[in-house]
Amino acid sequence: MERSIGKQNIKRNNFLEGILDDLKNLKQNKIKTKLYILLFIVSILFIVALFGEYIVPNDPYAQDLSNALSPPSKEFIFGTDRYGRCLFSRVVVGAKTTMFSSLGLVIIIATFGTIVGSICGYIGGKVDEIVMRISDIFLAFPGMVFAIAVSGVLGGGIVNAVISLALISWPKFSRLARGHVLTIKNSAYIQAAKLSGCSHMKIIFKHIFPNILGPIIVTATLDIGVMMMELAGLSFLGLGAMPPTAEWGSMMSNGRSMIQSSPWVIFAPGFAIFITVIIFNLLGDTVRDYLDVSNND
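Residues numbered from 1 in each chain as written. Predicted model: local features only at pLDDT ≥ 70, side-chain atom pairs only at ≥ 80, totals over all residues. Heavy atoms only, no water.

Engineer: In this structure, what is going on with helix H8 (residues 248-255)? I would like to understand it.
Structural biologist: Within an α-helix, residues lying three or four positions from one another point in the same direction, as the helix has 3.6 residues per turn. For H8, a buried count of six out of eight residues is recorded, marking the element as mostly surrounded by other parts of the structure. Turning to H8, its buried residues number three or more, namely Trp248, Gly249, Ser250, Met251, Ser253 and Gly255. Its side-chain oxygen 2.9 Å from the backbone nitrogen of Gly249, Glu247 forms the N-cap of H8. (Buried < 20%, exposed > 50% of the residue type's maximum accessible area, 1.4 Å probe, protein only. Helix = DSSP H or I, 4+ residues; strand = E, 2+ residues; numbered from the N terminus. Polar contact = N/O pair within 3.5 Å; in protein donor to acceptor, adjacent residues only side chain to side chain.)

See the structure below:
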C-alpha cells in the first residue's frame, strides 16, 4: 500500500514538474518571438535611416514656396513645411541623423562608463574613491540643464550635442558596472584566474566583462530612446542639429510657431520620435525579460 502511494506521489510530482517546464518553455518562446519581431523592426528602421536619401519621393532640401505649408496629400504624404519642402522626405532622411547620433552616443557612454566602472570596482582604493566622487559631481546636476550649459559653451551642432550629453550620461553605466564587479570580484573563478597568473586587465576584460554585459546591454538598449529624446530636445532649443539639416528635433523647433495653423509640420517629426522611442523601449524590456528567463533556466 505504501509503495503504491509513493509511486502515485512520484507520478504526480513528475506531472507537475512537466507542466511547470512546459509553462517556462512557452513563456521563453513567447519572449523569443517578441524579441525577434522587435529586432526585425529595428533593423528595418536602421536600413531605412541608412538608405533613406535614396528612397524618398522628393528632395528633402528642395524649396518650393508655391507649395509652402501644403496639408497632407497624395503628392506630399505628411504635407510640406514653410519652405515647401516635403515633410515625409525630411522625416525619412532625418532618421539617419537622429537614430545614428543616438546610437553612437549610447555606444560611447556605455563603453566608457563600463570600462571606468569595472576598473574602479576591481581595483578599489583611492582610484575608486576619486572617480566615484567625480561621477557624483556629474550626477548632482540636472542632466538636461548641464547638457544645455555645455552645448551653449561649445556652440550648436549635433557633434557638440552628443559631447554634452556624453559628459553627463556616462556615470550611470559606471556605477552599474562597478556594482556588478563588486559582487563578483571575490568569486572562486576570479581567484582562480589570479592564481593562474592572469594580469588584472586580462581578468577584467576576459572574465569580468562577459558576466556583467547582460544588465549593461539592457540599460543601453533602453537608453537609446532616452538619448534620442534628449538630442531632439537640444535640437528643439537650437543647440543640436543646425538648419537646414533634416533632424527630428530641429524640424519640431522650426514648426512650433505653426502648431495651430499647420499642425502637420510639427506632428510628422513628433510622431516619428514617439514611435521610434516606443520601439526601442519595448526592445529593451524584451531583452531584459529574455535575459531573466535565460538566467533562471
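From this point, the narrative continues.
Engineer: Honestly, the confidence of the model for the protein chain in this entry has me stumped. Any pointers?
Structural biologist: For residues with low pLDDT, the predicted coordinates do not support detailed interpretation. In the predicted model, the protein chain carries a mean pLDDT of 84, and 89% of its residues have values of at least 70. Confidence, expressed as mean pLDDT per element, reaches its minimum in the protein chain at helix H1 (residues 2-55) with 71 and its maximum at helix H2 (residues 87-123) with 92. The low-confidence segment residues 5-9, where pLDDT is below 50, has zero contacts with residues more than four positions distant or belonging to other chains. (pLDDT = per-residue confidence, 0-100. Contact = heavy atoms within 4.5 Å.)

Engineer: Please clarify how the pattern of salt bridges should be interpreted in this entry.
Structural biologist: Close approach of charged atoms lets side chains of opposite charge pair. The final tally for this structure, using the stated rule, is eight salt bridges. Here Arg178 ties to Asp128 by a salt bridge, and the two come within 2.7 Å at their closest N and O atoms. Separated by 50 residues along the polypeptide, Arg178 in helix H5 (residues 158-184) and Asp128 in helix H3 (residues 125-140) bring together distant segments of the chain. With its nearest N and O atoms 2.3 Å apart, the salt bridge here joins Asp136 to Arg175. Note that Asp136 is positioned in helix H3 and Arg175 in helix H5, a separation of 39 residues in sequence. Accessibility expressed as a relative area gives 30% for Arg175, which makes it partly exposed. Salt bridges linked by common partners bring Glu129, Arg133, Asp136 and Arg175 together as one network. (Salt bridge = Lys/Arg side-chain N within 4 Å of Asp/Glu carboxyl O.)

Engineer: What exactly am I supposed to notice about the nonpolar core here?
Structural biologist: Here is a general trend for soluble globular proteins: nonpolar side chains tend to be buried in one another's company. Ranked by size, the top nonpolar core spans 63 residues in total, and within it Met99, Leu105, Ile208, Trp248 and Phe280 carry the most contacts. By residue number, the principal contributor to this core is helix H7 (residues 200-236), which donates 14 residues. When near neighbours in sequence (up to four residues on either side) are disregarded, Met99 contacts Leu45, Phe46, Ala49, Met228, Trp248, Thr276 and Phe280. (Core = buried A, V, L, I, M, F, W, Y, C linked by side-chain atoms within 4.5 Å.)

Engineer: I keep staring at the environment of Lys34 and nothing clicks. Help me out?
Structural biologist: For Lys34, the location among the structural elements is in helix H1. On the accessibility criterion, Lys34 (40% relative accessible area) is partly exposed. Considering only alpha carbons, one finds Lys34 and Leu283, 249 residues apart in sequence, at a separation of 8.6 Å.

Engineer: Help me understand the packing of aromatic side chains in this model?
Structural biologist: What characterises a pair of aromatic rings is the spacing of the ring centres plus the angle enclosed by the ring planes. For the coordinates displayed, the defined rule picks out eight aromatic pairs. Between Phe112 and Trp170 the ring centres are 5.4 Å apart and the planes differ by 80 degrees, which places this aromatic pair in the edge-to-face class. Residue Phe112 is located in helix H2, and its partner Trp170 is located in helix H5; the two are separated by 58 residues in the primary sequence. Its relative accessible area of 8% is what places Trp170 among the buried residues. Here Phe138 and Trp170 contribute two aromatic rings whose centre-to-centre distance is 5.9 Å and whose plane-to-plane angle is 70 degrees, an arrangement assigned as edge-to-face. Highlighted residues: Phe138 in helix H3 and Trp170 in helix H5, separated in sequence by 32 residues. Exposure class is identical for Phe138 and Trp170. Each is buried. Among the aromatic residues, ring-to-ring pairing joins Phe112, Phe138, Phe146 and Trp170 into one connected group. (Phe/Tyr/Trp six-rings, centres within 6.5 Å; stacked < 30°, edge-to-face > 60°.)

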